[in-house]
Amino acid sequence: MAKKKGSVVQPSEFELQVLGVLWEHGPGTVRQVLEWLADGKPRAYTSVLSVMQVMHKKGLLGVEKQSEGLAHVFSPMVSREHVVVPLLKGLVAKIFGSRAQVAVQQLMNAEPSRGEEIHQLRALLDQIEARRTDSTEG
């Protein structure tokens, strides 16, 4: 069951997986979501359908009936940022004492980073630093 923290609905672990594949692939049917799930667990179509129907009731998913056939197409009604940022902040607070730098160091040390990833992180840090400089000068 998703938990509410303020106005942010915190989806269950499986609901996060469903949202993740829909954020990655775009809108899809229950059958497509079942195929896209990459955790290797065997799941029944009806189980995935039930979870997605509950997610629709919670406002996490929108649903449209396809013009052809019986299938319904589900799409996320919440952005990845809206769901993930509060979860990450909570995790970083609990495990790393709210020190994002330590969390990022752990992630970067856990597996080798590609040169392009490092370049993108440097660019992101430059953007963050520029925004902070602009806000203190204003």
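Residues numbered from 1 in each chain as written. Predicted model: local features only at pLDDT ≥ 70, side-chain atom pairs only at ≥ 80, totals over all residues. Heavy atoms only, no water.

Asker: Go over the side chain of Thr-29 with me, naming the residues and quoting the values.
Answerer: In this fold, Thr-29 is placed in the loop between helix H1 (13–25) and helix H2 (30–36). By relative accessible area, which is 12% here, Thr-29 ends up buried. In contact with Thr-29, not counting residues within four places along its chain, are Gln-66, Ala-71, His-72 and Val-73. (Helix = DSSP H or I, 4+ residues; strand = E, 2+ residues; numbered from the N terminus. Buried < 20%, exposed > 50% of the residue type's maximum accessible area, 1.4 Å probe, protein only. Contact = heavy atoms within 4.5 Å.)

Asker: An account of the nonpolar core is needed here, citing residue identities and associated values.
Answerer: Val-18, Val-33, Met-52 and Leu-61 are the most contacted members of the largest nonpolar core, which totals 18 residues. Going through the elements one at a time, H1, H2 and helix H3 (45–58) are the ones with two or more residues in this core. The element that contributes the greatest number of residues to this core is H1, accounting for six residues. Not counting the four nearest positions on each side in its chain, Val-33 is found in contact with Val-18, Val-21, Leu-22, Val-48 and Met-52. (Core = buried A, V, L, I, M, F, W, Y, C linked by side-chain atoms within 4.5 Å.)

Asker: Which residues make up the pairing of strand S4 (residues 72–76), and what are the values?
Answerer: For strand S3 (residues 61–65) and S4, the ladder comprises five bridges, and the chain directions are antiparallel. Note that in S4 the partner of Gly-62 across the bridge is Ser-75. Hairpin connection from S3 to S4: six residues lie between these consecutive antiparallel strands, with Gly-69 at a positive phi of about 85°. (Pairing = 2+ DSSP bridges.)

Asker: Give a detailed account of the pattern of salt bridges, specifying residues and quantitative values.
Answerer: The final tally for this structure, using the stated rule, is two salt bridges. Among the salt bridges present, the one from Glu-15 reaches Lys-58, with a minimum N-O distance of 2.7 Å. Residue Glu-15 is found in helix H1, and its partner Lys-58 is found in helix H3; the two are separated by 43 residues along the sequence. Judged by its relative accessible area of 4%, Glu-15 falls in the buried class. Taking the shortest distance from any N to any O, the salt bridge between Arg-43 and Asp-39 comes out at 2.9 Å. (Salt bridge = Lys/Arg side-chain N within 4 Å of Asp/Glu carboxyl O.)

Asker: Before we move on, can you summarise the packing of H1 against H3 with the specific residues and values?
Answerer: Viewed as axis vectors pointing N to C, H1 and H3 meet at an angle of 85°, and their least axial separation amounts to 11 Å. One finds that H1 runs roughly perpendicular with respect to H3. Every residue of H3 that contacts H1 at Phe-14, Glu-15, Val-18 and Leu-19 is listed here: Val-48, Val-51, Met-52, Val-54, Met-55 and Lys-58. Looking at the contact of H1 with H3 residue by residue, the class counts come to eight nonpolar, no polar and two charged. (Axes fitted to C-alpha atoms, helices over the stretch in contact; angles between N-to-C directions. Parallel < 35°, antiparallel > 145°, perpendicular 65-115°, else oblique. Nonpolar A, V, L, I, M, F, W, Y, C, P; charged D, E, K, R; others polar.)

Asker: Describe a nonpolar patch on the surface, naming the residues involved and giving the relevant values.
Answerer: Residues Leu-88, Leu-91 and Ile-95 make up a contiguous nonpolar surface patch of about 290 Å² in total accessible area. Examined against the element boundaries, Leu-91 turns out to sit in helix H4 (residues 80–96). Residue class for Leu-91 comes out partly exposed when judged on its relative accessible area of 44%. (Patch = residues over 30% accessible without salt bridge, like charges linked within 9 Å, V, L, I, M, F, W, Y side chains within 5 Å. Areas by Shrake-Rupley, 256 points an atom, 1.4 Å probe, with all protein chains shown as cover.)

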